[in-house]
Amino acid sequence: RPALGETPVVAYAGRLVTKKGIQVLIRAMEIVSRRVPSARLVVAGDGDNRREAEQLAIQFGVAGSIEFTGHLDSRLMKQKTEAAWVVAVPTIVHEAFSNTAIETMMRGTAVVATEVGGFPEMIDNGVNGVLVPRADPVALADALVRCLSDRELCERMGASARERALSEFTVDRMVGKFLDAYAA
């Protein structure tokens, strides 16, 4: 994993739609920016709510701390997010499996995600990431501040996330679990 950047960065990668929780993340960043003034958010993705998200960032006074990149190809996505200290996955609806979370864990980056769907099965709270209640910008902000205030914590959680991903979420392991489920 590349070293964490000097600036504490949160990354978000996904569609900019209500169910993905982008509005919750922007509200959380308003709190984060007061407690960790150097914090930045990189929002990689596009969607029906992009304009609304940009307006919300202006409304909450955090537009200068957020970079909306739009849709990125995989090379640019890696470039924009590889130095992030943590990736936020603030989904507010049930999501059985999150590619963003798994890819983040494989990369060795800590994840802050909501306690919905499959996230509690992927993330050991406080070990390889942090789980927060869904649609709760204060809890999300608290978790992000905790991470962005402690580089070593992010590095430890990222290393643990990678170990977990390599032991549980490789293609071979997932296919094996799938076949086991159907054989039962």
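Preceding block: the structure.
Anyway, here's the lowdown on the structure attached to this text. (Residues numbered from 1 in each chain as written. Predicted model: local features only at pLDDT ≥ 70, side-chain atom pairs only at ≥ 80, totals over all residues. Heavy atoms only, no water.)

1. Some thoughts on the layout of surface pockets
So, step 1. Estimates place the volume of the largest pocket at around 380 Å³.
So, step 2. Along the wall of the largest pocket there are 19 residues; nearest its centre are Ala13, Gly14, Met77, Thr100 and Glu103.
So, step 3. Of all elements in the fold, only β1 (9-13), α3 (74-81) and α4 (99-107) reach the threshold of two or more residues within the lining of the largest pocket.
So, step 4. Here the lining of the largest pocket gets four residues from one element, more than from any other, and that element is α4.
So, step 5. A class-by-class count of the residues in the lining of the largest pocket yields seven nonpolar, eight polar and four charged. (1 Å grid on protein atoms, 1.4 Å probe; cavity = no way out; pocket = protein on both sides within 12 Å on 5 of 7 lines; lining within 4 Å. Points joined across faces, edges and corners; volume = space filled by probe spheres on them. Helix = DSSP H or I, 4+ residues; strand = E, 2+ residues; numbered from the N terminus. Nonpolar A, V, L, I, M, F, W, Y, C, P; charged D, E, K, R; others polar.)

2. Focus on the pairing of strand β3 (residues 66-70)
So, step 1. Counting buried positions along β3 yields four of five residues, so the element is predominantly enclosed.
So, step 2. Looking at chain direction, strand β2 (residues 40-44) and β3 are connected through four bridges and run parallel. By the bridge assignment, valine 42 is partnered in β3 with glutamate 67.
So, step 3. Regarding the hand of the β-α-β motif, the stretch spanning β2, helix α2 (residues 50-59) and β3 is right-handed. (Buried < 20%, exposed > 50% of the residue type's maximum accessible area, 1.4 Å probe, protein only. Pairing = 2+ DSSP bridges. Right-handed = clockwise from strand over helix to strand, strands pointing away.)

3. Concerning the pattern of salt bridges
So, step 1. Overall, the coordinates contain seven salt bridges when judged by the stated rule.
So, step 2. Across the pair glutamate 95 and lysine 20 runs a salt bridge whose closest N-O atoms are separated by 3.2 Å. Here glutamate 95, found in the loop between β4 (86-89) and α4, pairs with lysine 20, found in the loop between β1 and α1 (22-35); they are 75 residues apart in sequence, far enough to count as distant. Lysine 20 shares its class with glutamate 95; the two are buried.
So, step 3. Across the salt bridge formed by arginine 50 and glutamate 54, the nearest N and O atoms sit 2.9 Å from each other. (Salt bridge = Lys/Arg side-chain N within 4 Å of Asp/Glu carboxyl O.)

4. Looking at the sheet that holds β4
So, step 1. Spatial strand order, β3-β2-β1-β4-β5-β6: six strands in an open sheet with parallel pairing. Of all strands in the sheet, those bounded by a partner on one side alone are β3 and β6 (129-132). Recorded for the sheet is a direction-independent mean angle of 20° between the axes of neighbouring strands.
So, step 2. Pairing of strand β5 (residues 110-114) with β6 involves four bridges; the strand directions are parallel. Residue threonine 114 lies in a different strand from β6, and its bridge partner there is valine 132.
So, step 3. Packed on one face of the sheet, helix α6 (residues 137-148) meets β1, β4, β5 and β6 and runs near 165° to β6. (Axes fitted to C-alpha atoms, helices over the stretch in contact; angles between N-to-C directions. Contact = heavy atoms within 4.5 Å.)

5. Focus: the environment of arginine 35
So, step 1. Structurally, arginine 35 is set in helix α1.
So, step 2. Between the C-alpha atoms of arginine 35 and leucine 140, which are 105 residues apart in sequence, the distance is 13 Å.
So, step 3. Setting aside chain neighbours within four positions, we find arginine 35 in contact with Asp142 and Val145.

Any functional reading would require information beyond the geometric quantities listed.
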